Amino acid sequence: MKRMLSALPVVASLALPTGALANDDHRDDVRSVRAIARIQACDAAATGPISGVARLIERPSSEGVKVVDVAMRVRGLSDGKHAVHIHAVGLCSPCSMAGGHFDPGPSGNPSPDGNHPFHSGDLINIDVKRGFGTMRTTTSRVTLSPGPLSVFDADGSAFIIHVLPDTYCPGGEVAGCAGGARAACGRIELVSDESDSWFD
Ligand SMILES: [Cu+2]
């Protein structure tokens, strides 16, 4: 009887590491939210063909805040830097249908460029060398999952790549400071767990 009682704490201490392992396994079950955008020229007759892809992954930061990693590759833009933003509407034909910069929060400034570069959808320039552009950034200003900052609101959202670089408007609202005319566009679409479109 005495021997059986003394065995109990051993069983309990063995249970602890088993529980920790189970938690680690459980974390692997949490799937990230992913989205993709196919980038096309706004006016291929004027610029020549432009094609690319942007991939987005939402993940929790170490503080538990949702952050979205954005990786974009585009061929056919002119060499140099081009502004990239998430615009308010998921339509690209024509590119003006994408509306202004995605900015669902309260904005005290109704002017399209007045809040620049502090819109939710403001990102960084894509850098193009010999016709091939890449851009990687992480934003905490939008989400892919549902919520007040989700790019998947009632009318969706789209990337716009502009003809000019984004200067981030240090002098305030100056025409063209946010990139000027629109060069390319891509509607952002949710990628389901079953879809293989992420990998092509
Ligand atoms: Cu823009």
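Residues numbered from 1 in each chain as written. Predicted model: local features only at pLDDT ≥ 70, side-chain atom pairs only at ≥ 80, totals over all residues. Heavy atoms only, no water.

The topology assignment puts His82 in strand β4 (residues 80-82). Within the structure, the side chain of His82 is placed 2.7 Å from the backbone oxygen of Ser78, a separation counted as a polar contact. A distance of 2.8 Å separates the side chain of His82 from the backbone oxygen of His162, its partner in a polar contact. (Helix = DSSP H or I, 4+ residues; strand = E, 2+ residues; numbered from the N terminus. Polar contact = N/O pair within 3.5 Å; in protein donor to acceptor, adjacent residues only side chain to side chain.)

So, about unusual backbone geometry. Omega for the bond connecting Ser93 with Pro94 falls within 30 degrees of zero, at -5°, which places this linkage in the cis form. Of note, Pro94 is situated in the loop between β5 (84-87) and β6 (126-129). Positive phi, normally seen in glycine, also occurs at Tyr168, with a value near 65°. Position of Tyr168 among the secondary structure elements: in the loop between β8 (158-162) and β9 (182-191). You can call Tyr168 partly exposed: its relative accessible area is 31%. (Buried < 20%, exposed > 50% of the residue type's maximum accessible area, 1.4 Å probe, protein only.)

Between side chains of opposite charge, a pair can form as their charged atoms come close. For the structure on display, the rule yields two salt bridges. Of the charged contacts in the structure, one is a salt bridge between Asp69 and Arg59, with a shortest N-O distance of 2.6 Å. Within this pair, whereas Asp69 is found in strand β3 (residues 66-75), its partner Arg59 is found in strand β2 (residues 51-60), the two being separated by ten residues in sequence. Residue class for Asp69 comes out partly exposed when judged on its relative accessible area of 23%. Assessed through its relative accessible area of 34%, Arg59 is described here as partly exposed. We note a salt bridge from Lys129 to Asp127, for which the minimum N-O separation is 3.7 Å. Assessed through its relative accessible area of 59%, Lys129 is described here as exposed. (Salt bridge = Lys/Arg side-chain N within 4 Å of Asp/Glu carboxyl O.)

The two faces of β6 differ: Ile126 and Val128 on one face are buried, but Asp127 and Lys129 on the other face are not. Pairing analysis gives three bridges linking β4 to β6, with the strands arranged antiparallel. Bridge pairing in β6 links Lys81 to Asp127. With three bridges joining them, β6 and strand β7 (residues 132-139) adopt antiparallel strand pairing. Residue pairing in the sheet places Val128 in a bridge with Gly133 of β7. Taking the residues between adjacent antiparallel strands as the criterion, β6 and β7 are bridged by two residues, where Arg130 takes a positive phi near 50°. (Pairing = 2+ DSSP bridges.)

One ladder, built from six bridges, connects strand β1 (residues 33-41) with β9; its direction is antiparallel. In the strand pairing of β9, Arg34 is matched with Val191. Alignment of β8 against β9, held across five bridges, turns out to be antiparallel. Paired with Ile161 across the bridge in β9 is Ala184.

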